[in-house]
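# Observations on the model geometry
Listed here are the chains, written in short residue letters.
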Amino acid sequence: MDANKISNLISKYLENLSSSKNEKNELYTFITQNADQFFEISERMVVEVKKIKDRHPNNWKEMVAMTMFSTL
């Protein structure tokens, strides 16, 4: 995904999270400056989903949902 697409996605999602322009800018700056860490988290999550799918082929979606919600 190119940088413009990522930037647009971040802006789009932040639009719904806050009505404060300052807060949106602050969050946008933080996320874009730390994007590599967010991608690392996403990559690890994909690996974990694959492990769960391999261990529980018949009900892996439910297992992923239970795992993800338990970490929130």
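Residues numbered from 1 in each chain as written. Predicted model: local features only at pLDDT ≥ 70, side-chain atom pairs only at ≥ 80, totals over all residues. Heavy atoms only, no water.

## Some remarks on a nonpolar patch on the surface
Side chains of F30, F38, I41 and M45 sit close together on the surface and give an oily, nonpolar patch of about 370 Å² of accessible area. Sorting elements by how many residues they give to the nonpolar patch places helix α3 (residues 35–55) first, with 3 residues. Checked against the element boundaries, M45 lands in helix α3. Note on M45: relative accessible area 39%, which makes it partly exposed. (Patch = residues over 30% accessible without salt bridge, like charges linked within 9 Å, V, L, I, M, F, W, Y side chains within 5 Å. Areas by Shrake-Rupley, 256 points an atom, 1.4 Å probe, with all protein chains shown as cover. Salt bridge = Lys/Arg side-chain N within 4 Å of Asp/Glu carboxyl O. Helix = DSSP H or I, 4+ residues; strand = E, 2+ residues; numbered from the N terminus. Buried < 20%, exposed > 50% of the residue type's maximum accessible area, 1.4 Å probe, protein only.)

## Overview of the pattern of salt bridges
Scanning all chains against the criterion turns up 3 salt bridges. For D54, the salt bridge identified is with K50, shortest N-O distance 2.7 Å. Here K50 and D54 lie together in helix α3, a separation of 4 residues that amounts to about one turn. Classification of D54 by relative accessible area gives partly exposed; the value is 49%. Overall, K50 belongs to the partly exposed group, its relative accessible area being 47%.

## Some points on the packing of helix α2 (residues 21–33) against α3
Where α2 contacts α3, the two axes come as close as 4 Å, and the packing angle between them is 65°. Comparing the axis directions of α2 and α3 gives the class roughly perpendicular. Contact with α2, carried on its side by F30, I31, T32 and Q33, involves A35, D36 and F38 of α3 and no other residues of that element. Of the residues belonging to the contact of α2 with α3, the class tally is 4 nonpolar, 2 polar and 1 charged. (Axes fitted to C-alpha atoms, helices over the stretch in contact; angles between N-to-C directions. Parallel < 35°, antiparallel > 145°, perpendicular 65-115°, else oblique. Contact = heavy atoms within 4.5 Å. Nonpolar A, V, L, I, M, F, W, Y, C, P; charged D, E, K, R; others polar.)

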